[in-house]
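Residue-level listing of the chains:
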Amino acid sequence: MAVEEQLNRLVADARAVLQANDLGGSTKPAPDLYPHQWFWDSCFITIGISRYDTFRACREIRSLLRGQWHNGLIPQIIFNARGTGYFPGPDVWQTERSPNAPKDVATSGITQPPVLATAVLSIWNNAGQADRDEVTAFLREIYPRIRLYHEFLYTERDPDETGLAVVVHPWESGLDNSPPYLDAGERVHLTYKPKYTRLDTLHVEAKYRPTNKNYDLFVWLLEQMRAVDWDQREYLKHATLQVEDVIFNSILCRANGDLARIAEIVGADPSQARAWREKTAKAINDRLWSEEDGMYFSYDRVAGKLLRDETIAGFLTLYGGVAPESRAQRLVEVHLRNPKEFWPEGGYPVPTTALDESRWFNPENYWLGPVWINMNWMLIHGLVDSGHPELGAWLTTKTLELIERHGFHEYFNPYSGEGYGTDSFGWSAALTIDLISAMEHR
Ligand code: 9WN
């Protein structure tokens, strides 16, 4: 089959996945496992959809913003009233306890990585000339809301005013059971064993998902935040898990750059977004770099130390445009392209946990090793932007090969490419569309 034809078919299949997951206004990440709207999923999905349907992409963002809290928080989940089979649901979160929660829509009480400004800018970048004015008006309308979200991160989530947003729940990081979170989580003393029934393992075999012990931590932390009625400042005073997360903050850096660009488009002042970007980039370099390891790590604010587990996280500084050239070079040459760490010979880069991180690595389990398409997508951008365009192009080819051979799964074995978790996974489909469209525009 001609390559062109193969790529066209892949795009058509990806669009069919996004069609099937359409909730009418927003897109669920997966048919059964994730029946609601998720924050960063929706952003990645918007990026893909913006390549072929500008106004559906706008609707996706509007739906997300319906869930925004008065203090600016964009929640990790906006519940779909007809969605069933997901734990924890609105009855567990009880976010109505907070005066900040929106009244007419049920949401969770935590956030997720801030891809929002980047997703919104992609709509504008990808819109046809005929739609530009309407999209500019849309940007003008929602710009204050995106800015409010960034403000929330810098006021309510940066207690030391370092420029680094603090993540307080593994689900906020988006990489729920990634080693740094299990590591920080081991130091959290669960004062009781929470009572709950998992539903995820009805959809996906337990060996591919976080453990029950991980879920105890997830639910216990949720209950601690609920106990202070989702009051962010109050909670942070005593929070037992607090991570200055390198991925979250790298994404924030890029998003600040994109927010500044949106400000320019709508005729607002971009200087605050630029200042935020600089502050966060500097803080990542000052606080999260380990010269000894030649790697960036997240920082455990409770234990007061770097979480030096070897995961994909440090490479995301390339996506954030944060790493100076010499550091970027070390990241790529010493670690990323190392077949013992992140470049499996004959397999598929990039595993989310290093192959030689023997304490944690597992090629089948969630964020403990498998390849995820959103991570590769961000890394491709990071590689291109940091002066490694050939490597970026090569990673694009391998990522599309993975999808073509194994389908739109949630995550993949870095050796064999076998797909795990749910199939018909939204961002796997959406980012495939974006990668192929970007190739065509080169
Ligand atoms: C909790 C929806 C989400 C993703 C996360 C991924 C997984 C949820 C879960 O699914 O997390 O947010 O229930 O396991 O880890 O990144 O946003 O696709």
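Residues numbered from 1 in each chain as written. Predicted model: local features only at pLDDT ≥ 70, side-chain atom pairs only at ≥ 80, totals over all residues. Heavy atoms only, no water.

1. Concerning the overall build of the protein chain
Move 1: Within the protein chain one finds 18 helices and ten strands.
Move 2: Its C-alpha radius of gyration of 20 Å places the protein chain within 12% of the 22 Å reference for a compact globule of 442 residues.
Move 3: The C-alpha extent of the protein chain, read off along each of the three principal axes, is 60 × 50 × 45 Å.
Move 4: Expressed as a percentage of the 442 residues in the protein chain, the buried residues total 63%.
Move 5: Taking all contacts inside the protein chain whose residues are at least 6 apart in sequence as the whole, residues at least 24 apart take part in 71%.
Move 6: Summing over all exposed atoms, the protein chain offers an accessible surface of approximately 16,500 Å²; the carbon and sulfur share of this is 48%.
Move 7: Charged side chains of the protein chain number 44 positive and 60 negative; the gap between the two group centres comes to 3 Å. (Helix = DSSP H or I, 4+ residues; strand = E, 2+ residues; numbered from the N terminus. Rg over C-alpha atoms; globule rule 2.2 N^0.38 Å. Buried < 20%, exposed > 50% of the residue type's maximum accessible area, 1.4 Å probe, protein only. Contact = heavy atoms within 4.5 Å. Areas by Shrake-Rupley, 256 points an atom, 1.4 Å probe, with all protein chains shown as cover. Lys, Arg positive; Asp, Glu negative; His and termini not counted. Charge placed at Lys NZ, Arg CZ, Asp CG, Glu CD.)

2. A few points about the nonpolar core
Move 1: Formed by 151 residues in total, the largest nonpolar core has its most connected members in Leu116 and Met375.
Move 2: A total of 13 residues in this core trace back to one element, the largest contributor, which is helix α12 (residues 246-266).
Move 3: With sequence-adjacent residues up to four places away left out, leucine 116 is seen in contact with Phe39, Cys43, Ile61, Leu64, Leu65, Ile74 and Ile146. (Core = buried A, V, L, I, M, F, W, Y, C linked by side-chain atoms within 4.5 Å.)

3. Focus on unusual backbone geometry
Move 1: In this chain, phenylalanine 87 is followed by proline 88 through a cis amide linkage whose omega measures 0 degrees.
Move 2: The omega torsion across proline 349 and valine 350 is 10 degrees, close enough to zero to call that bond cis.
Move 3: As for its position among the elements, valine 350 is in the loop between α15 (325-336) and α16 (373-385).
Move 4: With a phi close to 55 degrees, aspartate 229 is a non-glycine residue in the positive phi region.
Move 5: By the element assignment, aspartate 229 lies in the loop between α10 (212-227) and α11 (232-238).

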